[in-house]
Each structure stands twice: as C-alpha cells, then as structure tokens.
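Reading the structure
So you can see what is in the structure, the chains are spelled out below.
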Amino acid sequence: MQVQAVGERAVGEFDGQAAQHVLGVVGVPGEAEQGVETVSMDQVAAAAGVGKGTLFRRFGDKSGLAAALLDARERVLQEAVLSGPPPLGPGAPADERLTAFLNAYLDYLLQHLALVRMSETATPGARYRIGAYRFWHRHLAILLATAPDPDHAAHALLAALAADHVAALLPELGEQRMRTGLLRLARSAI
C-alpha cells in the first residue's frame with residue numbers, strides 16, 4: 001500500500017487520528033453516536049495534530065469526514081449485497097432481495113444515524129455525491145426492473161431512507177412502524 005505524506009504524518013495515520021477523535025466524541029460505533037453535529041473541523045484538526053486546511057484538503061467538509069468514517073461500514077453491506085448469501089446476496093428472487101436490502105440498510109442507518117445524517121446533510125446535495133448512494137440506487141433499480149420506472153422507484157425508496165427524514169420521524173413513528181411503512185412502499189413500487 002502506497003501512502004502519501006501529509007507534512008510529517010502519513011495520510012493513513014492522519015485519517016486514523018481524525019477518525020479516532022470524531023469517534024471519541026460521538027461514541028463507540030454501534031452506540032447512539034450522540035453529538036456528532038457538535039464536532040467542529042477545528043477540533044478534529046487539533047486532535048489529529050494537523051492544520052484545518054490539511055483536514056479540508058483531505059475530506060472537503062464535515063460530510064466528507066463522515067463519509068470516510070462510514071466507508072468501511074458501508075463496504076460490509078455492499079459486499080453482502082454483491083456476494084453474500086441470499087436473500088440479501090444473489091440467488092433469491094428480486095422481491096425477497098428488495099425486502100432483505102431495505103431491512104439491512106435500515107438497520108445500518110439506525111446504528112449510525114448521526115454519522116449518516118452528517119454525511120448526507122453537512123453541505124447541500126452531499127447525499128447524492130456519495131458513491132454509496134449511486135451504488136444503492138443502482139442495486140434498487142435492478143431489483144425494481146419490473147416497475148414502470150425503476151430509476152424513479154429506486155430514488156423514491158432511498159428518499160424514505162434519507163437520514164434527516166428518518167431522524168425526524170423516528171421519535172414519532174418508532175422503528176417498527178417506519179420499517180413496516182418502508183416495506184409497504186417497496187411493495188407498491190413493484
């Protein structure tokens with residue numbers, strides 16, 4: 001693995017220190033991740049021992065930092081979709097894979113809601129610039145191939161899974177009602 005230098009530090013070391021600071025503030029992965037919105041880029045830069053400019057060059061903004069922190073977690077779900085066992089992975093009918101994916105993505109989203117929300121909302125349109133969004137959209141469009149407009153149906157389902165939307169409705173509707181409604185929406189799209 002080739003590593004680029006950032007001043008005296010390697011990018012990997014810098015990324016790790018920045019991530020450790022953010023994770024230290026927001027909590028251990030899998031916990032509520034409270035307070036991520038309050039972490040400033042200045043705090044992360046200071047904790048990583050680099051200038052704020054270095055941090056912005058590496059991550060762009062808070063949404064880029066959050067996306068970098070989520071990358072490995074998203075990759076696990078992507079691998080399960082591409083090569084895991086059915087019904088999430090290949091080998092099951094499209095409707096079963098659709099249900100499995102929506103349940104798995106909602107589980108992932110709820111586990112990392114604050115970080116996903118930051119990655120999607122720190123700057124306008126950030127959600128749609130994240131490579132994972134395009135992956136999820138393409139996967140859903142393939143599963144919805146029999147829908148009148150698979151691309152639109154995929155965007156509509158992903159809109160229901162927007163972190164800001166889920167965070168706003170979760171206290172009112174609860175997890176089970178949101179899950180049931182999402183699966184009902186998916187069935188209506190097919």
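Please refer to the structure higher up on the page.
Please read these numbers as outputs of a predicted model, since none were measured by experiment.

Each value, and the rule that gives it
- Within any chain, residue numbers begin from 1 and follow the written order of that chain's sequence.
- Two thresholds apply to this predicted model, a pLDDT of at least 70 for residue-level local features and 80 or more for giving and counting side-chain atom pairs, whereas whole-chain, interface and lining totals are computed over all residues.
- Side-chain metrics in this entry use all non-hydrogen atoms of the structure; hydrogen atoms and water are not considered.
- Pairing of aromatic side chains here covers Phe, Tyr and the six-membered ring of Trp, requires ring centres within 6.5 Å, and sorts the geometry by plane angle: under 30 degrees stacked, over 60 edge-to-face, intermediate tilted.
- Numbering of helices and strands starts at the N terminus; helices are DSSP runs of H or I of at least 4 residues and strands are runs of E of at least 2.
- Exposed residues in this analysis have more than 50% of their type's maximum accessible area, buried residues have under 20%, and partly exposed residues fall in between, with area computed by a 1.4 Å probe over protein chains only.
- Axis angles are defined between N-to-C directions and span 0 to 180 degrees, where every axis is a line fitted to C-alpha atoms and, for a helix, only to the segment in contact.
- Between 65 and 115 degrees an angle is taken as roughly perpendicular, under 35 as roughly parallel, over 145 as roughly antiparallel, and anywhere else as oblique.
- Two helices cross in a left-handed way if the nearer one is turned anticlockwise from the farther one by less than a right angle. They cross in a right-handed way if the turn is clockwise.
- Contacts between residues were defined by any pair of non-hydrogen atoms, one from each residue, lying within 4.5 Å.
- Using a 1 Å grid laid over the protein atoms alone, points where a 1.4 Å probe fits but cannot get out form a cavity; open sets with protein on both sides within 12 Å along at least 5 of 7 lines form a pocket; any residue with an atom within 4 Å of a point counts as lining.
- Grid points are joined across faces, edges and corners, and a volume is the space filled by probe spheres set on the points.
- Nonpolar residues are Ala, Val, Leu, Ile, Met, Phe, Trp, Tyr, Cys and Pro. Charged residues are Asp, Glu, Lys and Arg, and all others, Gly as well, are polar.

**Re the packing of aromatic side chains**
The relative placement of two aromatic rings is captured by the distance of their centres and the angle of their planes. Going through the model one piece at a time under the given rule, you end up with six aromatic pairs. Measuring from centroid to centroid gives 5.9 Å for F101 and Y105, while their planes differ by 35°, and the two rings are tilted. Here F101 and its partner Y105 are both found in helix 5 (residues 94–111), four residues apart, which amounts to about one turn of the helix. Judged by relative accessible area, F101 falls into the buried class, the value being 0%. Through a chain of ring-to-ring contacts, the aromatic side chains of F101, Y105, Y108, F135 and W136 assemble into a single cluster.

**Details of the packing of helix 8 (residues 131–143) against helix 9 (residues 150–160)**
Where helix 8 contacts helix 9, the two axes come as close as 8 Å, and the packing angle between them is 125°. Put simply, helix 8 runs oblique to helix 9. Considering how the two elements wind past one another, helix 8 and helix 9 form a crossing that is right-handed. Seen from helix 8, the contacting residues are Y133, W136, H137, R138, L140 and A141; seen from helix 9, they are P150, D151, A154, H155, L157 and L158.

**Section: empty space enclosed by the protein**
Over the atoms rolls a probe the size of a water molecule, and its path tells where empty space is left. Inspection of every chain in the model, using the stated rule, returns two cavities of 30 Å³ or more. Estimates place the volume of the largest cavity at around 110 Å³. Residue lining of the largest cavity: 14 residues in total, with E74, Y105, S119, E120 and I130 positioned closest to the centre. If you list the elements that add at least two residues to the lining of the largest cavity, you get helix 4 (62–83), helix 5, helix 6 (113–121) and helix 8. Tallied by class, residues from the lining of the largest cavity come to ten nonpolar, one polar and three charged.

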